[in-house]
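Topology and contacts: notes
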Amino acid sequence: MHIKISGHHITVTPAIEASILEKFARVERHFDHINSMQVVLSLDNHHSDCSHKGQSNHKAEAILRVPGAELFAQACADDMYASIAMLSEKLDRQVKRHKERQMTRY
């Protein structure tokens with residue numbers, strides 16, 4: 001699986017990259033037909049759906065490309081590592097659901 005990690009208003013450090021690779025290894029363990037994954041980390045200091053006024057908004061988004069579908073998830077938290085963990089949990093649930101749907105078709 002090819003993972004592309006990019007940052008918007010944030011520098012992707014080796015520690016953050018290692019955390020992403022560690023968390024998404026679990027996703028790959030559940031479904032091994034993943035073509036590619038694009039992860040975008042961003043830091044916004046304005047009010048949005050995920051954040052409260054006056055707090056930093058650490059957002060992690062991912063697009064996972066599998067045969068026949070694209071899975072998208074995003075997570076927001078006050079800490080980048082927490083948003084990465086929440087993102088990996090969301091993608092893990094989506095991948096399991098996608099795998100179950102494929103198994104019922106055949």
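In what follows, the accompanying structure is described. From a predicted model like this one, the values you see are computed outputs, not experimental measurements. (Residues numbered from 1 in each chain as written. Predicted model: local features only at pLDDT ≥ 70, side-chain atom pairs only at ≥ 80, totals over all residues. Heavy atoms only, no water.)

1. Looking at the environment of leucine 71
Our working rule: Here a helix means four or more residues in a row that DSSP labels H or I, a strand means two or more in a row labelled E, and each is numbered from the N terminus. Categorising residues by exposure relies on relative accessible area from a 1.4 Å probe, with only protein chains included: less than 20% of the type maximum marks a residue as buried, more than 50% marks it as exposed, and the intermediate range marks it as partly exposed. By definition, residues are in contact when any of their heavy atoms lie within 4.5 Å.
One can find leucine 71 in strand β4 (residues 69-77). Residue class for leucine 71 comes out buried when judged on its relative accessible area of 11%. Aside from chain neighbours lying at most four places away, what touches leucine 71 is Ala62, Ile63, Leu64, Gln94 and Val95.

2. A word on the environment of alanine 60
Checked against the element boundaries, alanine 60 lands in strand β3 (residues 57-66). Along the sequence, alanine 60 and alanine 73 sit 13 residues apart, while their C-alpha atoms lie 8.4 Å from each other. Excluding residues that lie within four positions of it along the chain, alanine 60 makes contacts with Val40, Leu41, Ala73, Gln74, Ala75, Ser83, Ile84 and Leu87.

3. A short note on the sheet that holds β4
Put simply, the rule is: When DSSP finds at least two bridges between two strands, those strands are taken to pair. Only the stretch in contact is used when fitting a helix axis, every axis being a line fitted to C-alpha atoms; angles between N-to-C directions are given from 0 to 180 degrees.
The sheet built from four strands is open, its strands ordered β1-β2-β3-β4 with mixed pairing. The strands lining the two open edges of the sheet, one partner per strand, are β1 (2-8) and β4. Across this sheet, the average inter-strand angle for adjacent strands is 15 degrees, counted without regard to direction. Taken together, the nine bridges between strand β2 (residues 36-44) and β3 define a ladder with antiparallel strand orientation. Residue leucine 43 lies in a different strand from β3, and its bridge partner there is histidine 58. Together, β1, β2 and β3 form the strand contacts of helix α1 (residues 14-30), whose direction differs from that of β2 by roughly 135 degrees. With respect to the sheet, helix α2 (residues 80-105) is in contact with β2, β3 and β4, its orientation differing from that of β4 by roughly 150 degrees.

4. A look at the pattern of salt bridges
As a reminder, the rule being used: We define a salt bridge as a contact between a side-chain nitrogen of Lys or Arg and a carboxyl oxygen of Asp or Glu at a distance within 4 Å.
Per the counting criterion, the structure on display carries four salt bridges. Notably, a salt bridge pairs aspartate 92 with arginine 26, separated by 4.0 Å at the nearest N-O pair. Of this pair, aspartate 92 sits in helix α2 while arginine 26 is found in helix α1, placing the two residues 66 residues apart along the sequence. The salt bridge partner of aspartate 92 is lysine 96, with a shortest N-O separation of 4.0 Å. Here the residue aspartate 92 and the residue lysine 96 both occupy positions in helix α2, the gap between them amounting to four residues, near one helical turn. Taking relative accessible area as the criterion, aspartate 92 reaches 7% and is therefore assigned buried. A relative accessible area of 39% places lysine 96 in the partly exposed class. One network of salt bridges, with partners in common, ties together Arg26, Asp92 and Lys96.

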